[in-house]
Amino acid sequence: MRIATWNVNSVNARLPTVLAWLEAARPDVVCFQEIKTVDEKFPREPFESLGYNVEVYGQKSYNGVALLSKFPVSDVRRGLPGQDLLIEDAEDQARYIEAVIEAPRPVRVGGLYLPNGNPIGTEKFDFKMRWMARLNAHARGLLALEEPFTLCGDYNVIPLPEDARNPAAWVNDALFQPESRAAFRALKGLGLYEAGELGRQPPGTYTFWDYQAGAWQRDHGIRIDFHLLSPQAADRFVGVETHRDARDMDKPSDHVPVVIELAD
């Protein structure tokens, strides 16, 4: 089973690019972040025509996540536990979707778009940290089920200096603060395995390049998109691919897909 995560930065604005990548890469399951549309305006038909079942948790103009699967899905969750599903305030942003993929060997997949948190020293950073604490609590609950799962998506955290081409450029950014990096380590410390580490991806395997200041052309990237696997999923881990070439497609997202393969 091939499971992809991709912050598409507006699914409707980049639909031809997204569809072209899906047709070429052919993942079985895909988690999108920043779809930037409400459920009713998500372009279901083009994805269904490629054989995907579609689950959406959208939000007007901002955020929004979706999960696509070529297998049937069950136990669909929209939002982290304790979150009201109405989009009324910062605590209720559409940032998390989860389902069991009913393959011959089922896998639970959670797709997430973690808050950016900038600027530091504001309520936005506090919200980021609260959200990470809620994700940690949910991960602990999932681990208690002792089943294969991945929590994948745009974590908006640069865990290590080698995950940035120019770490000094990020020292005052919420993505690189000691608190957010410690929260990411705490997630892994629960017993989760990061796919890039399992697959021994080398330093410089970035997943995001800003649109500004020629970041892509200068390779001033960062690695902020991850799969965190339960021990049962890690036992089935075959490999991981970061699809860097997607950043050079027509009308690209500023992120690229990260794809893991699990043994059947």
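If you're wondering where the values come from, they're calculated on a predicted model, not measured in any experiment.

Q: Is there a simple way to explain the overall build of the chain in this structure?
A: A count of helices and strands for the chain gives six helices and 14 strands. Since a compact globule built from 264 residues should have a radius of gyration of about 18 Å, the 17 Å found for the chain is in line with a globular shape. Overall, the chain is about 45 × 40 × 40 Å in size when its C-alpha atoms are taken along their principal axes. At a minimum sequence separation of 6, the contacts of the chain that also span at least 24 residues come to 69%. Across the chain, 29 positive and 38 negative side-chain charges occur, with their mean positions spaced 3 Å apart.

Q: I tried to follow the pairing of strand β14 (residues 258-262) on my own but got confused; where do I start?
A: Side-chain positions along a regular strand alternate between the two faces of the sheet. Counting buried residues in β14 gives four out of five residues, a clear majority hidden from the surface. Pairing of strand β1 (residues 2-7) with β14, which is carried by four bridges, proceeds in the antiparallel orientation. The residue bridging R2 from the neighbouring strand is E261, located in β14. Direction of pairing for strand β13 (residues 237-242) relative to β14: antiparallel, over a ladder of five bridges. Within β14, the position partnered with G239 by the bridge is E261.

Q: How should I be thinking about the sheet that holds strand β8 (residues 149-154) in this particular structure?
A: Within a sheet, neighbouring strands are paired by backbone hydrogen bonds and run either parallel or antiparallel to one another. Strand order in the open sheet formed by six strands is β5-β6-β7-β8-β12-β9, and the pairing between neighbours is mixed. The open sheet has two edge strands with one neighbour each: β5 (73-78) and β9 (193-194). In this structure, β9 lies alongside strand β12 (residues 225-229), joined through two bridges in antiparallel fashion. Note that in β12 the partner of E194 across the bridge is L228.

Q: How should I be thinking about helix α3 (residues 123-144) in this particular structure?
A: In an α-helix, one turn spans 3.6 residues; hence positions three or four apart end up facing the same way. A rise of 1.5 Å per residue sets the reference length of α3, with its 22 residues, at 32 Å; its end C-alpha atoms lie 32 Å apart and thus fit the reference within 8%. All of the buried residues in α3 are F125, F127, K128, W131, M132, R134, L135, N136, H138, A139, L142 and L143. If you follow the buried residues of α3, they end up packed against β5, β6 (96-101), β7 (107-113), β8, α4 (178-189) and α6 (231-234).

Q: Just checking my understanding: could you explain the nonpolar core for this structure?
A: A general tendency of soluble globular proteins is for nonpolar side chains to be buried together. The biggest cluster of nonpolar side chains holds 27 residues, and the ones touching the most others in it are W21, L22, F32, I35, F42, F47 and L68. Taken together, the elements giving at least two residues each to this core come down to β1, α1 (15-25), β2 (29-33), β3 (53-57) and β4 (65-69). No other element matches the six residues that α1 contributes to this core. The residues touching W21, leaving out its near neighbours within four places in the chain, are A4, W6, R26, P27, H243, A246, M249, P257 and V259. Counting residues in hydrophobic clusters, the runner-up holds 24 residues, among them C31, A94, A103 and V258.

Q: Please clarify how the environment of G204 should be interpreted in this entry.
A: One can find G204 in the loop between α5 (195-198) and β10 (208-209). Each C-alpha atom, one on G204 and one on L151, is 22 Å from the other, the two residues being 53 residues apart in sequence. In contact with G204, not counting residues within four places along its chain, are E162 and R244.

Q: I'm lost on the environment of S49 in this one. Help?
A: Structurally, S49 is set in the loop between α2 (44-48) and β3. Residue classification places S49 among the exposed positions, given a relative accessible area of 61%. It is 24 Å that separates the C-alpha atoms of S49 and R105, two residues lying 56 residues apart in sequence. A polar atom in the side chain of S49 sits 2.6 Å from the backbone oxygen of P46.

Q: Would you mind going over the pattern of salt bridges with me for this structure?
A: Pairing between side chains becomes possible if they bear opposite charge and their charged atoms approach one another. Applying the stated criterion across every chain yields a total of twelve salt bridges. With its nearest N and O atoms 2.4 Å apart, the salt bridge here joins R108 to E147. Taken together, the positions of R108 in strand β7 and E147 in the loop between α3 and β8 put the pair 39 residues apart, joining distant regions of the chain. Here D219 ties to R244 by a salt bridge, and the two come within 3.1 Å at their closest N and O atoms. One end of the pair, D219, is in the loop between β10 and β11 (221-222); the other, R244, is in the loop between β13 and β14, with 25 residues separating them in the sequence. Taken together, the shared-partner salt bridges in this structure form one network comprising D75, E98, R108 and E147.

Q: In this structure, what is going on with the packing of aromatic side chains? I would like to understand it.
A: When we look at a pair of aromatic rings, we describe it by the centre distance and by the angle of the planes. Tallied over the entire structure, the rule returns eight aromatic pairs. Site record: aromatic cluster; members linked through ring pairs are F32, F42 and F47.

Q: Can you help me understand unusual backbone geometry in this one?
A: Working note: non-glycine residues mostly have negative phi, and peptide bonds are mostly trans. Cis geometry is adopted by the peptide bond preceding P119, which originates at N118 and carries an omega value of -5°. Tracing the backbone shows P119 in the loop between β7 and α3. The residue D75 is not glycine, and still its phi comes out positive at about 50°. As for its position among the elements, D75 is in strand β5. The partly exposed category is assigned to D75, whose relative accessible area is 49%.

Cut-offs applied
Residues numbered from 1 in each chain as written. Predicted model: local features only at pLDDT ≥ 70, side-chain atom pairs only at ≥ 80, totals over all residues. Heavy atoms only, no water. Helix = DSSP H or I, 4+ residues; strand = E, 2+ residues; numbered from the N terminus. Rg over C-alpha atoms; globule rule 2.2 N^0.38 Å. Contact = heavy atoms within 4.5 Å. Lys, Arg positive; Asp, Glu negative; His and termini not counted. Charge placed at Lys NZ, Arg CZ, Asp CG, Glu CD. Buried < 20%, exposed > 50% of the residue type's maximum accessible area, 1.4 Å probe, protein only. Pairing = 2+ DSSP bridges. Expected span 1.5 Å × (residues − 1). Core = buried A, V, L, I, M, F, W, Y, C linked by side-chain atoms within 4.5 Å. Polar contact = N/O pair within 3.5 Å; in protein donor to acceptor, adjacent residues only side chain to side chain. Salt bridge = Lys/Arg side-chain N within 4 Å of Asp/Glu carboxyl O. Phe/Tyr/Trp six-rings, centres within 6.5 Å; stacked < 30°, edge-to-face > 60°.

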